[in-house]
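Here are the chains, one letter per residue:
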Amino acid sequence: MHRTRRSGLFALLLSLGLSSSTIVHAQSPTAAHAALLAPLPDAVTSPLAARILRDLRQPPAGGRTISTITAGGSDVTRRLADAYPAPQRERMRQMFDDLLAGYAKLETVLGIPHGDAAGAVALFVIASFETCRDRAVDSQAYAPVLQQLRRALGSHPAFVGATDAQRRELFEQLAALGMFIGAMRSELARDPEQAARLREITRAYLTQLLGSDPDALQIDTSGVVIAKRATPPPIPARARRDGSAATGAFAVAETIEGVGFYTVTKMGVGGYPYMVPEPIVLFRNGDALLDVAGLGDPGGLDAHRTAHPDEWTRWRRQDGKVERMTKRGWKALEWKKLIPRPPRGFTLEGHYAHLSGGGNVAVGGNVTIAVWRNYHFDRAGYFSSDGGGGSVSPGVTTSAQRAAAGGRYEIAGYTLVLRYDDGRVEQRGIVVDPKSTDTVWIDGTAYTK
């Protein structure tokens, strides 16, 4: 695989003209983002892909090794398109065909042999990683990753024992999906709600197919590396009652002066713009964090600042006002009240919902997109969440529902710790006024009772 001077897969796709504007829009000019993403959670249908990717971290030693080059064709693009409503299928099939043709261009540029299944696996894993973690993989890592996956794939019993047709199916499915993820990530750059949905989907891909927490995954010149991470231990019941636990989240909260709000414009259902308050975390040392979700970064605040420097700025008090530094200089926060951290042991009670969307009705079009997510909290420390989305366009109505999941929760300062019943542990930034709980902000998104 030849090296490129660009850093990040999606920068390379843009340089080749393989962006959403030339792939997704050209083939699906009226398709809603929610409708495009709806089939993705179940898109990896190749049993060979699921079996192999889950075991790639620890390939079997010895045994027969074969070439990872595939040839021929499959009906993968048709099956991917069949997951969409009937009126959209032909257009989507053509789009997936174009994505495969675009991948052939990528193979040429990177020096990957045409039809190399290891290259398709590498694309899928890197595309999912860059989307899920919102960071670029340096192009110098492409060759080591490809070599690593080629060795693992070529000696894997499932791949060795598969038919030529099954190997080709694996290649075409992961190549098409990897390209689609890249195109959609570019497409959703200005659609934060659907971008978050795409991150959830790629996180599930990496969790399911690599059998590991995506936050423990690194891709660099050493290849795909999965570090061992300890799951945060549960806080003892006694500590929850008497407030004596000293967790990292509580320690971070001690460094925060409060959370203020500034005004931003977002797109709602139908494409209508509306003004909303956006939280900004004010640290006592004068730093300010524009992305509350950064409080839940598993790598800590320093790692978040390194990965997302644009989400950090400075703040000050001037003439009785709280100001933040912007590209145009100091600007006062439009909302004067600062939200203090909740007391230890604080819990919520009730059902909270968030509705967002998009479309083009606001400018005379006929596409409406709606996306919703719900949380339910009780005083005993249990929670559940679900969500879904849908779109309406001429002759086409789509919908998708995310299954409910839940477990125990704890509010540790400005961090919401979610311990799911299936063993997952998530940390999200949370802002809530202890005196008025009608609205809570979770990772910067407002949920109302």
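The shown structure was predicted, so the numbers you read here are calculated from the model rather than taken from an experiment.

S.K.: Explanation requested: the overall build of the protein in the structure shown.
M.R.: Each helix and strand in the protein was counted, giving 14 helices and 17 strands. Buried residues in the protein amount to 50% of all 449 residues. Residue pairs at least 24 apart in sequence account for 64% of intrachain contacts in the protein once pairs closer than 6 positions are excluded. Taken as a whole, the protein presents about 20,800 Å² of accessible surface, with 51% of it coming from carbon and sulfur.

S.K.: Explain the pattern of salt bridges here, please?
M.R.: It is possible for side chains of opposite charge to pair when their charged atoms get near one another. Enumeration over the complete set of coordinates arrives at 26 salt bridges. The residue Arg 150 makes a salt bridge to Asp 116 at a minimum N-O spacing of 2.5 Å. Remark: Asp 116 occurs in the loop between helix H6 (86-110) and helix H7 (117-133) and Arg 150 occurs in helix H8 (residues 142-154); sequence separation between them is 34 residues. Here Arg 150 falls in the partly exposed class, since its relative accessible area comes to 30%. Each of Asp 75, Arg 78, Arg 79, Asp 82 and Glu 169 takes part in one network of salt bridges that share partners.

S.K.: Please clarify how the packing of H7 against H8 should be interpreted in this entry.
M.R.: A pair of packed helices can be characterised by two numbers: the angle between their axes and the separation between those axes. The N-to-C vectors of H7 and H8 enclose an angle of 125°; their axes lie 9 Å apart at closest approach. Taken together, the axes of H7 and H8 lie oblique to each other. The two elements H7 and H8 cross, and the hand of that crossing is right-handed. In contact with Ala 117, Ala 118, Gly 119, Val 121, Ala 122 and Ile 126 of H7, H8 contributes Tyr 142, Val 145, Leu 146, Leu 149, Arg 150 and Leu 153. Its residues assigned to classes, the contact of H7 with H8 comprises 10 nonpolar, 1 polar and 1 charged.

S.K.: Teacher, can you tell me more about the packing of aromatic side chains here?
M.R.: For any pair of aromatic rings, the description rests on two quantities: the centre-to-centre distance and the angle between the ring planes. Under the defined criterion, the tally for this structure stands at 10 aromatic pairs. Aromatic side chains Phe 383 and Tyr 420 sit 5.2 Å apart centroid to centroid with 80° between the ring planes, which places their arrangement in the edge-to-face category. Here Tyr 420 lies in strand S14 (residues 415-420) and Phe 383 lies in strand S12 (residues 382-393), a separation of 37 residues in the sequence. Given the relative accessible area of 5%, Phe 383 is considered buried.

S.K.: Can you help me understand the packing of H6 against helix H10 (residues 164-187) in this one?
M.R.: Running from N to C, H6 and H10 cross one another at 90°; their axes reach a closest spacing of 9 Å. Judged by the angle between their axes, H6 and H10 are roughly perpendicular. Note on element contacts: H10 touches H6 through Phe 171, Glu 172, Ala 175, Ala 176, Met 179 and Phe 180, opposite Met 95, Phe 96, Leu 99, Leu 100, Gly 102, Tyr 103, Leu 106 and Glu 107.

S.K.: Can you walk me through unusual backbone geometry in this structure?
M.R.: A negative phi angle is the norm for most residues apart from glycine, just as the trans form is the norm for most peptide bonds. Phi is positive for Asp 134, which is not a glycine, with a value near 55°. Tracing the backbone through its elements, the reader meets Asp 134 in the loop between H7 and H8. Under the relative-accessibility criterion, Asp 134 is labelled partly exposed at 36%. Look at Asp 319: it is not a glycine, yet its phi comes out positive at around 55°. Examined against the element boundaries, Asp 319 turns out to sit in the loop between strand S6 (312-318) and strand S7 (321-326). With a relative accessible area of 72%, Asp 319 lands in the exposed category.

S.K.: What is the right way to read the environment of Thr 326 from this model?
M.R.: For Thr 326, the position within the fold is in strand S7. Linking Thr 326 and Arg 314, residues 12 residues apart in sequence, is a C-alpha distance of 8.6 Å.

S.K.: Quick question: what am I supposed to make of the nonpolar core here?
M.R.: Looking at soluble globular proteins, one finds that nonpolar side chains tend to be buried together. Leu 40, Phe 96, Tyr 103, Phe 180, Tyr 205 and Ile 219 are the most contacted members of the largest nonpolar core, which has 63 residues in total. Counting residues per element, this core draws most heavily on H7, at 12 residues. Once you skip the residues sitting within four places of it in the chain, Leu 40 turns out to touch Leu 177, Phe 180, Leu 198, Ile 201 and Tyr 205.

S.K.: Explain the environment of Lys 321 to me, please; I cannot follow it from the model alone.
M.R.: You can see Lys 321 is positioned in strand S7. Residues Lys 321 and Lys 336, spaced 15 residues apart in sequence, show a C-alpha to C-alpha distance of 7.4 Å. Excluding its chain neighbours within four sequence positions, the residues that come into contact with Lys 321 are Arg 316 and Ala 332.

S.K.: I'm lost on H10 in this one. Help?
M.R.: Note: α-helices contain 3.6 residues per turn, so residues at a spacing of three or four share the same orientation. Taking 1.5 Å per residue as the helical rise, H10 with its 24 residues ought to reach 34 Å, and the 34 Å between its terminal C-alpha atoms agrees with that figure. Most of H10 sits inside the fold, with 19 of its 24 residues counted as buried.

S.K.: What's the story with the confidence of the model for the protein in this structure? I'm lost.
M.R.: Close inspection of predicted coordinates is inappropriate in any region flagged by low pLDDT. Residues at a pLDDT of 70 or more form 73% of the protein, whose mean pLDDT is 76. Across the protein, strand S5 (residues 287-289) holds the top mean pLDDT of 91, while helix H12 (residues 237-242) sits lowest at 34. Low pLDDT, under 50, characterises residues 17-31; the stretch is placed with 33 contacts to residues that sit more than four places away or in other chains. When the criterion is pLDDT under 50, residues 358-363 qualifies, and its contacts beyond four places in sequence or with other chains add up to 25 contacts.

S.K.: Explain the side chain of His 354 here, please?
M.R.: With respect to the secondary-structure elements, His 354 resides in strand S10 (residues 350-359). A distance of 2.9 Å separates a polar atom in the side chain of His 354 from the backbone oxygen of Ala 446.

Thresholds, definitions, all that
- Residues numbered from 1 in each chain as written.
- Predicted model: local features only at pLDDT ≥ 70, side-chain atom pairs only at ≥ 80, totals over all residues.
- Heavy atoms only, no water.
- Helix = DSSP H or I, 4+ residues; strand = E, 2+ residues; numbered from the N terminus.
- Buried < 20%, exposed > 50% of the residue type's maximum accessible area, 1.4 Å probe, protein only.
- Contact = heavy atoms within 4.5 Å.
- Areas by Shrake-Rupley, 256 points an atom, 1.4 Å probe, with all protein chains shown as cover.
- Salt bridge = Lys/Arg side-chain N within 4 Å of Asp/Glu carboxyl O.
- Axes fitted to C-alpha atoms, helices over the stretch in contact; angles between N-to-C directions.
- Parallel < 35°, antiparallel > 145°, perpendicular 65-115°, else oblique.
- Left-handed = near helix turned anticlockwise from the far one by under 90°.
- Nonpolar A, V, L, I, M, F, W, Y, C, P; charged D, E, K, R; others polar.
- Phe/Tyr/Trp six-rings, centres within 6.5 Å; stacked < 30°, edge-to-face > 60°.
- Core = buried A, V, L, I, M, F, W, Y, C linked by side-chain atoms within 4.5 Å.
- Expected span 1.5 Å × (residues − 1).
- pLDDT = per-residue confidence, 0-100.
- Polar contact = N/O pair within 3.5 Å; in protein donor to acceptor, adjacent residues only side chain to side chain.

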